[in-house]
Amino acid sequence: LDCVRSRQKCNCDIETGHRSTSATLLANIAHQTKALLEWDARTERFTNHEEANRWLNYSYRPPWRLPEA
């Protein structure tokens, strides 16, 4: 809330949070699929395992949902 009031940058902005958690999330997907995965950081998709790509998204509990693109 302090950064909202002051309009200063947060200690962990969205980009930093995303980048710092990506490696562990990808490792969890590799563990679940029991596969050696190749990651394309530009498209944020696996290039060699389509099933692993399904783990990148999940369904939210109602009434929560992602906004329509």
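Here goes a summary of the coordinates provided. These figures come from a predicted structure and were not determined experimentally.

1. A word on the overall build of the protein
The number of helices and strands found in the protein is 3 helices and 2 strands. Listing every helix and strand of the protein by position from the N terminus yields α-α-β-β-α. Its C-alpha atoms give the protein principal-axis dimensions of about 45 × 30 × 20 Å. Going through the 69 residues of the protein one by one, you find that 14% of them count as buried. Taking the intrachain contacts of the protein between residues at least 6 apart in sequence as the baseline, contacts between residues at least 24 apart amount to 13%. Accessible area of the protein: about 6,600 Å², with a carbon and sulfur share of 54%. Here the protein contributes 10 positive and 9 negative side-chain charges, whose respective centroids are spaced 6 Å apart.

2. Describing the side chain of T33
Within the secondary structure layout, T33 lies in helix α2 (residues 14-33). Accessibility expressed as a relative area gives 15% for T33, which makes it buried.

3. Things to note about the packing of aromatic side chains
A complete count under the given rule lists 2 aromatic pairs for this structure. Relative to F46, the ring of W39 lies with its centre 4.9 Å away and its plane at 65°, an arrangement referred to as edge-to-face. Look at W39 and you get partly exposed, because its relative accessible area is 33%. The exposure class of F46 is buried, given its relative accessible area of 6%. Look at Y58 and Y60: their rings are 5.1 Å apart centre to centre, the planes differ by 45°, and that puts the pair in the tilted class. Residue Y58 is classed as exposed on the basis of its relative accessible area, which comes to 61%. You can call Y60 partly exposed: its relative accessible area is 37%.

4. A word on the pattern of salt bridges
Opposite charge on two side chains permits them to pair, given that their charged atoms come into close proximity. Counting across every chain of the model gives 5 salt bridges. Two residues, K9 and D13, come together in a salt bridge whose shortest N-O distance is 3.6 Å. Overall, K9 belongs to the exposed group, its relative accessible area being 67%. Ionic pairing is found between R19 and E15, a salt bridge with its closest N-O pair at 2.8 Å. Of the two residues, R19 and E15 are both situated in helix α2; the distance of 4 residues between them amounts to about one turn of the helix. With relative accessibility at 48%, the residue R19 sits in the partly exposed group. We classify E15 as partly exposed; its relative accessible area is 44%.

Definitions and cut-offs
- Residues numbered from 1 in each chain as written.
- Predicted model: local features only at pLDDT ≥ 70, side-chain atom pairs only at ≥ 80, totals over all residues.
- Heavy atoms only, no water.
- Helix = DSSP H or I, 4+ residues; strand = E, 2+ residues; numbered from the N terminus.
- Buried < 20%, exposed > 50% of the residue type's maximum accessible area, 1.4 Å probe, protein only.
- Contact = heavy atoms within 4.5 Å.
- Areas by Shrake-Rupley, 256 points an atom, 1.4 Å probe, with all protein chains shown as cover.
- Lys, Arg positive; Asp, Glu negative; His and termini not counted.
- Charge placed at Lys NZ, Arg CZ, Asp CG, Glu CD.
- Phe/Tyr/Trp six-rings, centres within 6.5 Å; stacked < 30°, edge-to-face > 60°.
- Salt bridge = Lys/Arg side-chain N within 4 Å of Asp/Glu carboxyl O.

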